[in-house]
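# Coordinate analysis (summary)
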Amino acid sequence: MDYQAVLFDFDYTLGDATPSIYEGFLYGFEKMGYPSPSLEAVRQTIGLMLEDAFTSLTGEASPDKRNAFRRFFHDKVGNSQAEKTTLFPGAAELIRALCDEGVQVGVVSSKRSTTLRQILSRFGLLERMGYVTGGELVRRPKPDPEGLNAGITALDVPKKAVLYCGDTVIDAETAQNAGVDFAAVLNGTTPVEAFAPYPHVYAAKDLPSLARWLGLNI
């Protein structure tokens, strides 16, 4: 194990919150008078800030409407996202194996930190985390490296000993902007060829594959 810290994106990297996210989009679009988006269209936006996902699907860039969508989304979803989210196979085992090897772990996501903590706590993983940050805790969202850099500072590890893992090219850009290694995890909607322009040390078809590449038995 060459890494002292492994940090993860959450949505489509460690876990799948699609059902509750889609419910929130359907409700928000109905309340605001927009046609219902398809499930696949929403899936393509998962990992973006909610406001950016709204703009991507509607073309509407008004700050008031972007903020209104976030309010409607959370009115509908509430705490149900934490209750309905599932982890991908191998996620819990990978995190525990890393910790058992003395590697620090954390999550850098665009999802709200309160929701992240609820999910991680539900699966008994929050106490394993050395760092958790969400989109509301940074001034500049990914691919700006603000959140990732803050995690590296908090964990007090050199950047050459950090691996960031994510499912989108935004995550790849974030790692590149922070100056750390990146591993793609192909649990989401981004195909492997999309990562070709970005530096990456590995592209894992799933989390057990990532664990094997890291030399871990899970």
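## As for the nonpolar core
Core analysis: the largest hydrophobic core is formed by 48 residues, its most contacted members being Phe 8, Phe 25, Leu 94, Leu 98 and Leu 210. Take this core: its biggest share by element is six residues, from helix 6 (residues 91–100). When neighbours within four sequence positions are excluded, Phe 25 is seen to be in contact with Pro 37, Val 42, Thr 45, Leu 50, Ala 53, Leu 57, Phe 69 and Phe 73. Formed by 18 residues, the second largest nonpolar core is a distinct cluster that contains Ile 152, Ala 172, Ala 175 and Ala 184.

## Remarks on the packing of aromatic side chains
One pass over the structure, following the stated rule, counts twelve aromatic pairs. Through successive ring pairs, a cluster of aromatic residues spans Phe 25, Phe 29, Tyr 34, Phe 54, Phe 69 and Phe 73.

## Observations regarding the sheet that holds strand 6 (residues 162–166)
Ordered in space as 5-4-1-6-7-8, the six strands form an open sheet in which the pairing is parallel. The open sheet has two edge strands, strand 5 (129–133) and strand 8 (202–204), and neither has a second partner. Taking each pair of neighbouring strands and ignoring which way they run, the sheet shows an average axis angle of 20°. Strand direction decides the pairing type here: strand 1 (residues 5–8) and strand 4 (residues 104–108), joined by four bridges, are parallel.

## Some words on the pattern of salt bridges
Under the criterion given, the structure shown has twelve salt bridges. For Lys 111, the salt bridge goes to Asp 11, with nearest N and O atoms at 3.1 Å. One end of the pair, Lys 111, is in the loop between strand 4 and helix 7 (113–122); the other, Asp 11, is in the loop between strand 1 and strand 2 (15–16), and 100 residues separate them in sequence. Asp 11 sits in the buried class, given a relative accessible area of 6%. Taken together, the shared-partner salt bridges connect Arg 139, Arg 140, Asp 144 and Glu 146 into one network.

## Some details on the pairing of strand 4
Most of strand 4 sits inside the fold, with four of its five residues counted as buried. Bridge analysis of strand 4 against strand 5 gives four bridges, and the strand direction is parallel. Bridge pairing in strand 5 links Gly 106 to Tyr 131. The parallel pair strand 4 and strand 5 is bridged by helix 7, and the resulting crossover is right-handed.

## Here's the deal with the environment of Phe 182
The topology assignment puts Phe 182 in strand 7 (residues 181–185). The class of Phe 182 is buried, set by a relative accessible area of 2%. Note: C-alpha distance between Phe 182 and Asp 171 (eleven residues apart in sequence) is 8.2 Å.

How each quantity is defined
- Residues numbered from 1 in each chain as written.
- Predicted model: local features only at pLDDT ≥ 70, side-chain atom pairs only at ≥ 80, totals over all residues.
- Heavy atoms only, no water.
- Core = buried A, V, L, I, M, F, W, Y, C linked by side-chain atoms within 4.5 Å.
- Buried < 20%, exposed > 50% of the residue type's maximum accessible area, 1.4 Å probe, protein only.
- Helix = DSSP H or I, 4+ residues; strand = E, 2+ residues; numbered from the N terminus.
- Contact = heavy atoms within 4.5 Å.
- Phe/Tyr/Trp six-rings, centres within 6.5 Å; stacked < 30°, edge-to-face > 60°.
- Pairing = 2+ DSSP bridges.
- Axes fitted to C-alpha atoms, helices over the stretch in contact; angles between N-to-C directions.
- Salt bridge = Lys/Arg side-chain N within 4 Å of Asp/Glu carboxyl O.
- Right-handed = clockwise from strand over helix to strand, strands pointing away.

Note that all results are geometric; they support no functional claim without further evidence.
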